[in-house]
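Single-letter residue listing:
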Amino acid sequence: WLQASFNDWFLRLLYTTIGLETVNIAYANSSIHGEVRWHMDYIDFDFTSSAFRDIDNMASSEEIQDLREYYGADLVFMFSNQGYANGEIFGIVNETAQDFDAAYSIVEINSLLSPDFGLAHEYGHLFGAQHNPSSSNPNPSDCPYAHFYNATKTILVNSADPPNQARNRILNYSNPGVIVGGAPTGLENRNNAGKISAGHCAVADYFPPSLFSVDIIGSGSLCRCLPVPPPTGSYRELGEFTAQVNTPAQAFPGLPPYTYRWYYNSSGIFTSQNPGIYLGNTESIDFISLVADIPCEHFFLYVEVESSDNEVVRDTKRIYTGQCRGCNTCNNPKIHYVNHELNISLNSFDFNVYPNPSGLNEILVNYSGVGDTTVQFILQNQTGLMIEKWSIRETTENYGRNFLKLPEQLSKGIYFLTGVSKNEIVTKKIIRL
């Protein structure tokens, strides 16, 4: 089907890449926090005319199970071009549930994009998300159902419901807290987004992440008004931060032992030329004991971790300094805990990149929370070297969206795109194919 529809190999790759990204786009549209990473591989599989027989054979295939273990894949999808049931079946799952042994799905390749969004549809099923109640028995004690309203269908609505209507779906999982077309996209018991969000930890633990990564673990806020040295106990602990490293599987780069490098600054932009103020080289640091004058309003904490095979990963965390001398009164100093996820959501400025991953020389950046100001985007490689910089003046013509032209000789790999708007800084990972 791909060859018949797209003469150029690049267009076939682009179609598949965008199809994979429909899940992450649906996440963003549905206020689901998280990101899905994909590994693609090829396999010889003896398809039959029965989707039910093929999904059983897929789940029991030793070759597919070996590939799953090699990549550490929590969920496994196989694209087909079988035209099951005369084209009426666009995908099938081994079981509509969160189950390690049943986390398999077949998706017809021609259904990845609108109007079916077949991959995003079957993906929801593997979290236990179900069709709309007219095609599933409703359970008032659960919230797994899809929703349709005013002829609008969320992703998990059965393509045949309601009868005699087009099967067009919007790229949203049902969520009563998300409004599209002036109406909520879900109800209390029609919340596929809630079902998926609640299952993230369980599904992610099918296999520990295989990629080398690091997260800064610690409080999201500090108070400058604490005495120096601060008291022991919970106050003291709020100044401690740890670089939590995910050690990859043996087949992947990034193996121990690790070297740590901690920095901080007030801008949130860390480069090889301007790395920030150095704090130390241990796995954990005590910020309060290292910095006598905690910056006012907020600062950014940054860690680089280098593996024994010279792979480098990094993480940045914004720390709010709560009540500050010179900013707010300190008559009644308190510690306000703000976790990492909440720090991100407090930023009024945010952006998304499409397509991602991509092999194109241009990427589309959609952003919000800017107002009448200039937005800067900075592209860096994994070592922190700045590759390109763009300054965009917000106008009525380009409001909220711009194409960024990438350097022509940009090699394949992982890069970091940082957006800066006023005092707001957001960094996203982009993958160059």
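Refer to the structure presented above.
Residues numbered from 1 in each chain as written. Predicted model: local features only at pLDDT ≥ 70, side-chain atom pairs only at ≥ 80, totals over all residues. Heavy atoms only, no water.

1. Thoughts on the pattern of salt bridges
Under the definition given, this model contains three salt bridges. One salt bridge in this structure joins R261 and E304, with 3.1 Å as the shortest N-O distance. Of the two residues, R261 is situated in strand β10 (residues 259-265) and E304 in strand β13 (residues 298-306); the sequence distance between them amounts to 43 residues. A relative accessible area of 13% places E304 in the buried class. (Salt bridge = Lys/Arg side-chain N within 4 Å of Asp/Glu carboxyl O. Helix = DSSP H or I, 4+ residues; strand = E, 2+ residues; numbered from the N terminus. Buried < 20%, exposed > 50% of the residue type's maximum accessible area, 1.4 Å probe, protein only.)

2. Side note on the pairing of β13
Counting buried residues along β13, eight of its nine residues qualify, which places the element largely inside the surrounding structure. Judged from the seven bridges that link them, β10 and β13 form a sheet pairing that is antiparallel. In the strand pairing of β13, R261 is matched with E304. When β13 meets strand β14 (residues 312-320), the two strands line up antiparallel, connected through nine bridges. Within β14, the position partnered with V305 by the bridge is V313. The antiparallel pairing of β13 with β14 creates a hairpin that spans five residues between the two strands, and N310 there sits at a positive phi of about 70°. (Pairing = 2+ DSSP bridges.)

3. A closer look at the layout of surface pockets
Of the pockets and cavities examined, the second largest pocket occupies roughly 310 Å³. Around the second largest pocket, the lining comprises 15 residues; the ones closest to its centre are F90, G91, H121, E122 and H131. Secondary-structure elements contributing two or more residues to the lining of the second largest pocket are β2 (91-93) and α6 (118-125). Sort the elements by how many residues they give to the lining of the second largest pocket and α6 lands first, with four residues. Here the lining of the second largest pocket is built from residues that sort into five nonpolar, seven polar and three charged. (1 Å grid on protein atoms, 1.4 Å probe; cavity = no way out; pocket = protein on both sides within 12 Å on 5 of 7 lines; lining within 4 Å. Points joined across faces, edges and corners; volume = space filled by probe spheres on them. Nonpolar A, V, L, I, M, F, W, Y, C, P; charged D, E, K, R; others polar.)

4. Quick word on the packing of helix α2 (residues 9-29) against α6
Taken N-terminus to C-terminus, the directions of α2 and α6 make an angle of 60°; their axes are 8 Å apart at the nearest point. One finds that α2 runs oblique with respect to α6. Judged by the sense of rotation from one axis to the other, the crossing of α2 with α6 is right-handed. Two secondary-structure elements touch here, α2 through G19, L20, T22, V23 and Y27 and α6 through L119, A120 and Y123. (Axes fitted to C-alpha atoms, helices over the stretch in contact; angles between N-to-C directions. Parallel < 35°, antiparallel > 145°, perpendicular 65-115°, else oblique. Left-handed = near helix turned anticlockwise from the far one by under 90°. Contact = heavy atoms within 4.5 Å.)

5. With respect to a nonpolar patch on the surface
On the surface, a cluster of nonpolar side chains totalling about 190 Å² of accessible area is made up of I414, I431 and L433. With respect to the secondary-structure elements, I414 resides in strand β20 (residues 413-421). (Patch = residues over 30% accessible without salt bridge, like charges linked within 9 Å, V, L, I, M, F, W, Y side chains within 5 Å. Areas by Shrake-Rupley, 256 points an atom, 1.4 Å probe, with all protein chains shown as cover.)

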